[in-house]
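# Chain and residue survey
Residues per chain are reported as follows:
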Amino acid sequence: MKISIGIPPGPQARDLVVRAEELGYDRAWMYDSAALYEDIWIHLAQAAEATERIGLGTAVLVPNLRHVMTTASAIATIDRLAPGRLACAMGTGYTARKVLGQNPVPWAHMRTYVEQLKALLRGDVVEIDGRPCQMIHRPELAKARPIEVPILLSAFGPKGLAITHEIADGWMGAAAPTEQFDWAVHMVNGTVLAPGESPSAPRVVDDVGAWQVGGYHFMWENHPEALATIPGGSDWLAQIESERPEQERHLAVHYSHCTHLSEADRKGIAAFGDEIPWHGWVGEPEQVRERAEESAAAGTTEILYTPAGDNLLRQAETFYRALESVQS
């Protein structure tokens, strides 16, 4: 099983990719939410030039953020800088769309986008917006087509899973796969505890809490009336409502999403006291290793670790050391 790491494109990205390569990580995947992070392609280019071995990836690109020709040209750029090292995971966009106040893109649009993208990378003439398009870069200006970069899809429901089997080279998700894929990436959050360290220690809350409180974000988007029924939900919502007028509240909800705890998030998670029911992999090395082995047994071929907080370098090292024995 391969071990990879998720990285927010920003000031720490280059150093983290370099350290991940030194540690032995197989791939560094970068996130793509334009309202939350710096530009993914600029940071992938910097990572490509700063490293020699480690694979690079997008986790995940969302179609509405860029014209498909722009994405094809960006892929060509990174594949020239780091030949054979790039993989692109794509998704319909929960965070990247919700932070813009929009719903995820339909799967029909996703299918069209991926099919157009793959055709452009082959060098084909493709109909886009009713007109023929093609990558007509001169050989002095870009890598020659065809450009072979694997495309993965982040999918959960039956429609998305079916499309993934049809048109993608692999699957990515926030749980172990429920269906068999040759390339199945399981995104996990969590942290490795030091001997005797409490799972509710301030360091742990800071490093994992941003993923844990995603439940409040999801509930606000889908079942806001239920927030009052869960610990901390009312306090979390009151803080959100105090920060922004109603039409802007999605901005307060998704501020710091999955990277840091906002003030509202801290009020919510505080309601659990010392009994936080972590859904991520929080435990000592042996416990984290056991979780990875269970995921591998379910069909996962790659663990994608997504650290949060400000201790990214420390977490990258402790997680990799914990899982070295299950890496193949």
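This part is about the pattern of salt bridges. Counting across every chain of the model gives 16 salt bridges. A salt bridge links Arg 244 to Glu 248; its shortest N-O distance comes to 3.1 Å. A relative accessible area of 28% means that Glu 248 is categorised as partly exposed.

Now for the pairing of strand β7 (residues 151-154). Of the two faces of β7, both are covered, the one formed by Ile 151 and Leu 153 as well as the one formed by Leu 152 and Ser 154. Looking at chain direction, strand β4 (residues 86-90) and β7 are connected through three bridges and run parallel. Bridge pairing in β7 places Met 90 opposite Leu 153. Between the parallel pair β7 and strand β8 (residues 170-173), the chain is carried across by helix α6 (residues 158-167), and the sense of this crossover is right-handed.

On to the pairing of strand β12 (residues 302-305), then. Residues Glu 302 and Leu 304 point to one face of β12 and Ile 303 and Tyr 305 to the other, with burial holding for every one of them. Relative to β12, strand β1 (residues 2-7) runs parallel, the two sharing four bridges. Following the sheet pairing, Ile 5 is matched in β12 by Tyr 305. In the sheet, strand β9 (residues 184-188) pairs with β12 via four bridges, with the strands oriented parallel. Directly across from Val 185, in β12, lies its bridge partner Glu 302.

Turning next to the sheet that holds strand β3 (residues 55-61). Within the closed barrel, the eight strands sit side by side as β1-β2-β3-β4-β7-β8-β9-β12. Their pairing is parallel. On average, each strand axis in the sheet is inclined to that of its neighbour by 25 degrees, with strand direction left out of account. Note that strand β2 (residues 27-30) and β3 share four bridges and pair parallel. Within the sheet, the bridge partner assigned to Ala 28 lies in β3 and is Leu 56. Sheet strands touched by helix α2 (residues 40-50): β2, β3 and β4. Its angle to β3, the strand with the most contacts, is close to 170 degrees.

Applying the stated rule across the entire model yields zero disulfides. Summary of cysteine pairing: Cys 88 is not part of a disulfide, and the nearest cysteine sulfur, belonging to Cys 133, is at 19 Å.

Glancing now at the packing of aromatic side chains. Here the structure, examined in full by the defined rule, presents eight aromatic pairs. Centroid distance Trp 29 to Trp 183: 6.5 Å. Interplanar angle 55 degrees. Geometry classified as tilted. Placement of the pair is Trp 29 in strand β2 and Trp 183 in the loop between β8 and β9, with a sequence separation of 154 residues. The pair Trp 29 / Trp 183 is uniform in exposure class, with both members buried. Judged by centre distance (5.7 Å) and plane angle (45 degrees), the ring pair of Tyr 31 and Tyr 37 falls under tilted. The class for Tyr 31 is buried, based on a relative accessible area of 7%. Taking relative accessible area as the criterion, Tyr 37 reaches 13% and is therefore assigned buried. One aromatic cluster is present, built from ring pairs that chain together Trp 281, Tyr 305 and Phe 319.

This part is about a negative patch on the surface. A cluster of like negative charges, contributed by Glu 284, Glu 286, Glu 290, Glu 293 and Glu 294, occupies part of the molecular surface. Counting through the fold element by element, Glu 286 comes out in helix α12 (residues 285-297).

The rules behind the values
Residues numbered from 1 in each chain as written. Predicted model: local features only at pLDDT ≥ 70, side-chain atom pairs only at ≥ 80, totals over all residues. Heavy atoms only, no water. Salt bridge = Lys/Arg side-chain N within 4 Å of Asp/Glu carboxyl O. Buried < 20%, exposed > 50% of the residue type's maximum accessible area, 1.4 Å probe, protein only. Helix = DSSP H or I, 4+ residues; strand = E, 2+ residues; numbered from the N terminus. Pairing = 2+ DSSP bridges. Right-handed = clockwise from strand over helix to strand, strands pointing away. Axes fitted to C-alpha atoms, helices over the stretch in contact; angles between N-to-C directions. Contact = heavy atoms within 4.5 Å. Disulfide = S-S within 2.5 Å. Phe/Tyr/Trp six-rings, centres within 6.5 Å; stacked < 30°, edge-to-face > 60°. Patch = residues over 30% accessible without salt bridge, like charges linked within 9 Å, V, L, I, M, F, W, Y side chains within 5 Å. Areas by Shrake-Rupley, 256 points an atom, 1.4 Å probe, with all protein chains shown as cover. Lys, Arg positive; Asp, Glu negative; His and termini not counted. Charge placed at Lys NZ, Arg CZ, Asp CG, Glu CD.

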